[in-house]
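Remarks on the overall topology
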Amino acid sequence: MGSGDQGGGELSQQTLWLLAVRDRRDREAFACLFDYYAPRLKGMLARSGMPSAATDDLVQDVLLTAWQKAHQFDPARAQASAWIYRIARNRQIDLIRRERRPLPDAVVPEDEDSEPDASQILALDQETGKLREALDRLTPEQRAMIEQAYLGDLTHTEIRQRTGLPLGTIKSRIRLGLERLRHELKELR
Amino acid sequence: MTPVPTNVCHHIPDDILQAYVTGSLPHVFSVVVASHVSLCDDCRAVVEAQEALGGAVLDGCEAEAADQNLKACTLALLDRPIRVAAPEARRSGIFPGPIMAELKGRPPKWKMLGGGIRQTILAAGAEGSVRLLYIPGGKAVPDHGHNGLELTLVLQGAFHDATGTFGPGDVQVASDDLDHAPIANMGEPCVCLAATDAPLRFRSLVPRLLQPIFRI
């Protein structure tokens, strides 16, 4: 399954499974996604202070949402894990706050296809790979800090300010954002 | 349906975007962030990059064994008809989807505040409030006295103060230390979305007395 019809052998296995679900409603690929993400989502929800009785329901909810919304997945903008992370946070906030999390309007597809998709998908994958490497190079304490921010509970944090933003088309901007995040992680050291 | 392609020059700081992505931003500010991101590709890109980091952290997350029953149940539900959730609110005129969602898809019900200024409160609670403001050209933006953080997104027209001019898509980030007196630019009325973590102030006496009781 997921035999790389998107033109790359370098895409993450999870992204290939999600594409198989998106394009062919492939149940075997969905089962693989379940095996990969269910334990991680359980871990994430446990960390964020959700009672264990509620986590199974939410894990199921997140993965069924992924099955139903797979047509919205764009591998040139996100790897599978980033997309699943977003769904998990959305569902968690909807549940905790009992109100819909405000979500931005979808991007209007225009001048988005000036670059061939396969190269954009690979470029995003490579940039995300570098981000992961930067994450791996952090000290255990620094990594714990990042994990606490992204996986921790949903109580409100103190907000401070910073500025400076990248330019370009949306897809190349995401890659620039990833690059900048990577450098920020590097500067933590 | 094309989002307003404005020259956004006042963006949302990364820390606030990160708090939105990680889910720690209060609802009233999340409405402003999601609305601004609907209009600003720069901030959308930062949000999606932050989500990539979230995905990388999820990959490395300490796993907890999942129940085999859960897998079987989940696979059995794939054929279930897709839940018809409430349809996602769509952009309408100058209001992006996240604002229409707060308005439950209906046009705003403006309340007069005097001097031609109108407001519609979208949400108010212990964590703050978010509202739409309509200010005729040349009028001062009503002071809603911020004790904490305040985010103001311009949807139409413009306002200016000592810190600069804010046009459609721009966000002003104000905190305690900013003593600003924003004034709507001459010309078309300025419509903005303002969120604050300070409790709402009312002009008439009775609601002001009730305010501590109802925490609005």
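Residues numbered from 1 in each chain as written. Chains lettered and ligands numbered in written order. Predicted model: local features only at pLDDT ≥ 70, side-chain atom pairs only at ≥ 80, totals over all residues. Heavy atoms only, no water.

Quick notes on the interface of chain A and chain B
Going by this rule: In this analysis, two residues are considered to be in contact whenever any of their non-hydrogen atoms come within 4.5 Å of each other. The term buried area refers to how much accessible surface (probe radius 1.4 Å) is lost by two components on association, counted for both of them together. In what follows, salt bridge is the name for a side-chain nitrogen of Lys or Arg lying within 4 Å of a carboxyl oxygen of Asp or Glu. Distance and chemistry together define a polar contact, namely a pair of N or O atoms within 3.5 Å, with one atom able to donate a hydrogen and the other to accept it when in protein, and with adjacent residues in sequence counting only for side-chain atoms on both sides. In DSSP terms, a helix is any run of H or I states spanning at least four residues, a strand is any run of E spanning at least two, and both are numbered starting from the N terminus. Any residue that is not Ala, Val, Leu, Ile, Met, Phe, Trp, Tyr, Cys, Pro, Asp, Glu, Lys or Arg is counted as polar, Gly included; the first ten are nonpolar and the last four charged.
Counting residues at the interface gives 75 residues for chain A and 71 residues for chain B. Taking both sides of the interface into account, the surface hidden between chain A and chain B amounts to around 6500 Å²; carbon and sulfur atoms contribute 59%. Linking chain A to chain B there are six salt bridges. Put simply, E51 of chain B and R86 of chain A hold a salt bridge, and the shortest N to O gap is 3.0 Å. On the surface where chain A and chain B come into contact, there are 21 residue pairs in polar contact (both at pLDDT 80 or more). If you list the elements that add at least two residues to the side of chain A that touches chain B, you get α2 (27-47), α3 (52-69), α4 (80-97), α5 (117-136), α6 (140-151) and α7 (170-188) of chain A. Classifying every residue of the side of chain A that touches chain B gives 39 nonpolar, 11 polar and 25 charged.

So, the packing of α4 of chain A against helix α3 (residues 41-59) of chain B
Rules: Note on definitions: angles span 0 to 180 degrees between N-to-C directions of axes, and those axes are lines fitted to C-alpha atoms, for helices only across the stretch in contact. Put simply, angles under 35 degrees are roughly parallel, angles over 145 are roughly antiparallel, angles from 65 to 115 are roughly perpendicular, and the rest are oblique.
As a packed pair, α4 of chain A and α3 of chain B sit with axes 7 Å apart at the nearest point and diverge in direction by 95 degrees. Looking at the two axes, α4 of chain A sits roughly perpendicular to α3 of chain B. On the side of α4 of chain A, the interface is formed by S81, A82, I84, Y85 and R86 of chain A, while α3 of chain B contributes E48, E51, A52, G54, G55, L58 and D59 of chain B. Partitioned by chemical class, the residues of the contact of α4 of chain A with α3 of chain B number five nonpolar, three polar and four charged.

Thoughts on unusual backbone geometry
In this structure, R25 of chain A takes a positive phi of about 50 degrees despite not being glycine. Note on placement: R25 of chain A falls in the loop between α1 (13-24) and α2. Despite not being glycine, K104 of chain B shows a phi value in the positive range, around 55 degrees. Relative to the assigned elements, K104 of chain B resides in the loop between α5 (97-102) and β1 (111-114).

Focus on the sheet that holds strand β7 (residues 171-174) of chain B
Residue and element names in this part refer to chain B. The criterion, for reference: Strands were regarded as paired on the criterion that DSSP finds at least two bridges between them.
Here we have six strands laid out as an open sheet, ordered β1-β2-β3-β9-β4-β7, and antiparallel in their pairing. Only two strands of the sheet have a single neighbouring strand rather than two, namely β1 and β7. Each strand axis lies, on average, 25 degrees off the axis of its neighbour in the sheet, ignoring direction. For strand β4 (residues 150-156) and β7, the ladder comprises four bridges, and the chain directions are antiparallel. From the neighbouring strand, T152 faces β7, where its bridge partner is Q172. Lying over the sheet, helix α2 (residues 27-39) contacts β2 (117-125), β3 (128-135), β4, β7 and β9 (190-196), oriented at roughly 140 degrees with respect to β9.

Side note on the packing of aromatic side chains
All names here are of chain A. As a reminder, the rule being used: Ring pairs are drawn from Phe, Tyr and Trp, using the six-membered ring of Trp, whenever the two centres fall within 6.5 Å, and their geometry is named by plane angle: stacked under 30 degrees, edge-to-face over 60, tilted for the rest. Over a ring means this: the NZ of a Lys or the CZ of an Arg is within 6 Å of the ring centre and within 35 degrees of the ring normal.
Evaluated as defined, the whole model comprises six aromatic pairs over all chains. Between F30 and W67, the ring centres sit 5.4 Å apart and the planes meet at 75 degrees, which makes this aromatic pair edge-to-face. Placement of the pair is F30 in helix α2 and W67 in helix α3, with a sequence separation of 37 residues. The cationic tip of R40 hangs over the ring face of Y36; the distance from NZ or CZ to the ring centre is 3.9 Å.

What to know about the environment of L185 of chain A
Spelled out, the test is: Partly exposed residues are those whose accessible area sits between 20% and 50% of the maximum for their type, while under 20% is buried and over 50% is exposed, using a 1.4 Å probe and protein chains only.
By the element assignment, L185 of chain A lies in helix α7. Of the residues examined, L185 of chain A reaches a relative accessible area of 3% and is grouped as buried. Sequence-wise, L185 of chain A and Q142 of chain A are 43 residues apart; in three dimensions their C-alpha atoms are separated by 8.8 Å. For L185 of chain A, the residues in contact, after removing those within four places along its chain, are L131, A134, L135, L138 and I146 of chain A together with L53 of chain B.

So, the pattern of salt bridges
Residues and elements named next belong to chain A. Within this structure, the stated rule accounts for 13 salt bridges over all chains. R22 is paired through a salt bridge with D23; the nearest N and O atoms lie 2.7 Å apart. Overlapping salt bridges, with partners in common, bring together R47, D136, R143 and E147 in one network.

Some remarks on the nonpolar core
The line we're drawing: Throughout, nonpolar core names a set of buried Ala, Val, Leu, Ile, Met, Phe, Trp, Tyr and Cys residues whose side chains join them through atoms within 4.5 Å.
Of all hydrophobic cores here, the largest spans 97 residues; its most connected members are Y37 and L41 of chain A together with L53, V130 and L193 of chain B. Of the residues forming this core, the biggest block, 11 residues, is contributed by α2 of chain A. Setting aside its immediate chain neighbours within four residues, L41 of chain A contacts V59, V62, L63, I84 and A88 of chain A together with L58 of chain B. In terms of nonpolar packing, the next biggest core, distinct from the first, is built from 11 residues, I117, V141, F159 and A184 of chain B among them.

Some words on the sheet that holds strand β6 (residues 164-166) of chain B
Strand order in the open sheet made by the three strands is β6-β5-β8 (chain B), with antiparallel pairing throughout. Whereas interior strands pair on both sides, the edge strands pair on one side only; in this sheet they are β6 and β8 (183-184) of chain B.

Comments concerning helix α4 (residues 68-76) of chain B
As a reminder, the rule being used: This arc describes the spread of directions from the helix axis toward the C-beta atoms.
Of the positions making up α4 of chain B, those classed as buried are L70, K71 and T74 of chain B. Projected down its long axis, α4 of chain B shows its buried positions confined to an angular sector of 100 degrees, all on one face. Of the exposed residues in α4 of chain B, the ones pointing more than 90 degrees away from its buried face are Q68, N69 and A76 of chain B. In this fold, the buried residues of α4 of chain B make contact with α2 and α3 of chain A. For α4 of chain B, the side-chain oxygen to backbone nitrogen distance between the N-cap and N69 of chain B is 3.0 Å, and the N-cap itself is D67 of chain B.

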